[in-house]
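Structural overview
Residues per chain are reported as follows:
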Amino acid sequence: MTVLAPYALENLQIDGFDVVLNKPKTAAYRAPGATNAAFATETVIDELVEKLGIDSLRIPPHQRKQKKGLPNRLGRNLDALVILKQLKPSRIVPTINLRCQDRRMGSGEAVAWLSGFWINAGFQSSATVSINTDGTANVVTGSPDIGGTRTSCAMIAAEVLGLKAEEVHPVVADTESIGHTDTTGGSRVTFATGYAVYEAAQDAVNLLKQRAATLWKAKPEEIVYQDGVVSCTTNGHESMTLKELAGKLPRAGGPVTGRASMNPRGVGPAFTTHLVDVEVDVETGKVDILRYTAAQDVARPFIPVMSKARSKAVLRKALAGRSNEEYFYDENGTMRNTGFLDYRMPTDAGSAMIEAILVEVPNPGHPIGIRGVGEVPIVPPPAAIANAITVPLACA
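Residues numbered from 1 in each chain as written. Predicted model: local features only at pLDDT ≥ 70, side-chain atom pairs only at ≥ 80, totals over all residues. Heavy atoms only, no water.

Focus: the overall build of the protein chain
Cut-off, in case you're wondering: Only DSSP runs of H or I covering at least 4 residues are called helices, and only runs of E covering at least 2 are called strands; the numbering of each starts at the N terminus. Exposure categories follow from relative accessible area, calculated using a 1.4 Å probe and restricted to protein chains: below 20% of the type maximum is buried, above 50% is exposed, and the middle band is partly exposed. By definition, residues are in contact when any of their heavy atoms lie within 4.5 Å. Computed with a 1.4 Å probe, the accessible areas rest on the Shrake-Rupley method; for each residue, only the protein chains presented here act as cover.
If you tally the helices and strands in the protein chain, you get 8 helices and 11 strands. Taking all 396 residues of the protein chain together, the buried fraction comes to 47%. Of the contacts made within the protein chain by residues no fewer than 6 positions apart, 76% connect residues no fewer than 24 positions apart. Accessible surface, the protein chain: about 20,600 Å² in total, of which carbon and sulfur atoms supply 52%.

A closer look at a nonpolar patch on the surface
Keep this limit in mind: Like-charged residues within 9 Å of one another, or nonpolar side chains (Val, Leu, Ile, Met, Phe, Trp, Tyr) within 5 Å, are grouped into patches, provided each residue has over 30% relative accessible area and no salt bridge. For salt bridges, the criterion is a side-chain nitrogen of Lys or Arg within 4 Å of an Asp or Glu carboxyl oxygen.
A cluster of nonpolar side chains, namely Phe17, Val19 and Leu21, defines an oily patch on the protein surface of about 400 Å² accessible area. Relative to the assigned elements, Phe17 resides in the segment before helix H1 (34-51).

Some thoughts on the nonpolar core
Soluble globular proteins tend to pack their nonpolar side chains together in the buried interior. Selection rule: The criterion is simple. A nonpolar core is a set of buried Ala, Val, Leu, Ile, Met, Phe, Trp, Tyr and Cys residues joined through side-chain atoms within 4.5 Å.
Of all hydrophobic cores here, the largest spans 44 residues; its most connected members are Val129 and Ile131. Contributing elements (two or more residues each) for this core: strand E2 (125-131), strand E3 (137-141), helix H4 (149-161), helix H5 (189-216), strand E5 (223-226), strand E6 (229-232) and helix H6 (242-246). Excluding anything up to four places from it in sequence, Val129 contacts Ala137, Asn138, Val139, Leu161, Val197, Ala200, Ala201, Ala204, Val256, Thr257 and Gly258. Leu114, Tyr292, Leu315 and Leu319 belong to the second-largest nonpolar core, a separate cluster that totals 18 residues.

Topic: helix H7 (residues 304-324)
Helical periodicity: at 3.6 residues per turn, an α-helix aligns residues three or four positions apart in one direction. To be explicit about the condition: A helix's residues, less one, multiplied by 1.5 Å, set its expected span.
In this model, H7 (21 residues) spans 30 Å end to end at C-alpha, consistent with the 30 Å of a helix rising 1.5 Å per residue. Restricting attention to buried positions, one finds in H7 the residues Ser307, Ser311, Val314, Leu315, Ala318, Leu319, Ala320 and Asn324.

Re the sheet that holds E3
Here is the rule: At least two bridges found by DSSP between two strands is the condition for calling them paired. Each axis is a line fitted through C-alpha atoms, and for a helix only the stretch in contact is used; angles between axes span 0 to 180 degrees, taken between their N-to-C directions.
Read from one edge to the other, the open sheet built from 4 strands follows the order E4-E3-E2-E8, with strand pairing classed as mixed. A strand with exactly one partner marks an edge of an open sheet, and here the two such strands are strand E4 (168-172) and strand E8 (257-262). Within the sheet, the average angular offset between the axes of one strand and its neighbour, ignoring direction, is 15 degrees. Where E3 and E4 come together, 5 bridges link them in parallel fashion.

Remarks on the environment of Lys248
Looking at the secondary structure, you find Lys248 in the loop between H6 and E8. Along the sequence, Lys248 and Arg211 sit 37 residues apart, while their C-alpha atoms lie 8.8 Å from each other. Beyond its immediate sequence surroundings of up to four residues, Lys248 is in contact with Leu215 and Met240.

What to know about the sheet that holds strand E7 (residues 240-241)
Across the sheet, which stays open at both edges, the 3 strands sit in the order E5-E6-E7 with antiparallel pairing between neighbours. Each of the sheet's edge strands pairs with one partner strand only, and the pair in question is E5 and E7. Pairing analysis gives 4 bridges linking E5 to E6, with the strands arranged antiparallel. Considered in E6, the bridge of Val224 is made with Ser231. Against the sheet, H5 makes contact with E5, E6 and E7, and its axis sits at roughly 135 degrees relative to E5, the strand it touches most.

Describing the pattern of salt bridges
For the structure on display, the rule yields 5 salt bridges. A salt bridge links Asp145 to Arg150; the nearest nitrogen and oxygen atoms lie 3.5 Å apart. Residue class for Arg150 comes out partly exposed when judged on its relative accessible area of 38%. Taking the shortest distance from any N to any O, the salt bridge between Asp330 and Arg336 comes out at 3.5 Å.

As structure tokens, this is what we get:
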């Protein structure tokens, strides 16, 4: 599903094989499987480009990658996505000229760039939004917060209710306290649980309009709720804020709790484009990553600084894996590094300069344009770094 998704290929056949090894199993580590697939595929793509005599860095993105409006060769419709308006030529031209350029004896510098894809997930989620007597709100969901989703869900409810984010109190409940909610994974929580929060907040708004209609002896369809203010279109009553209405709920029908359970289908797959600049000592094989630029379609980011931080954190994780993590076996096939005693823990001192670029293309499959962003940044780094390393080695 991910191996060639960013490419528009006229002719494609994929043969897959299961290979059984006497080695430790692998498991989910963000975008499971996609990173491995991209590493293998992009290596082959670069070999093909080399045999064809094409400089892959100079191929315009719209020619190299899948275009909007076309299904890819695996049948997934990418119509809603703008994939590569991400790295503009002005960002890559200064680094193109560094290919095979010696900086000191025995070293070479090179650049590689490529795109990564992750499918993202939807699945089932439930949420409730309750209005307190002081005009604040409580949001209850069943998705454990491993990436700031309490905040994003609170902000979604706040936008619907016309409140400040700090006036919404998010709570993650256990499985006995909330409707069915699937796993926290697949970059799904802000999309799917956020969708449930949005619908639960809309349900709360409809109930608030009914309560206001009772107070004003009007019909619910004559009540307008906008930006946290309730007004009546027919009989000239003065508008009320949510805080004012909340204090009158006991006389208008009682508490307000909106509920929603969702199985949303409008998942927006994720794309990112990475540019890596490396320096290689061709005698020792030491690799220094000088600069790493990652552009990602984040749809509508509720917290842009969090989206950037997430991208950078995932990249640091990927770069650390590239330089630090390895299963080492002796001649008998026994793993020798079985613990963390000699594990090289990455630090900022050895990290590259990372730039995260947010490309905002709202997801039409979500009422406020949300797309999952947490996994796709880990897909391209190993392949991009490997492809960059091969240039100075070939020039040595």
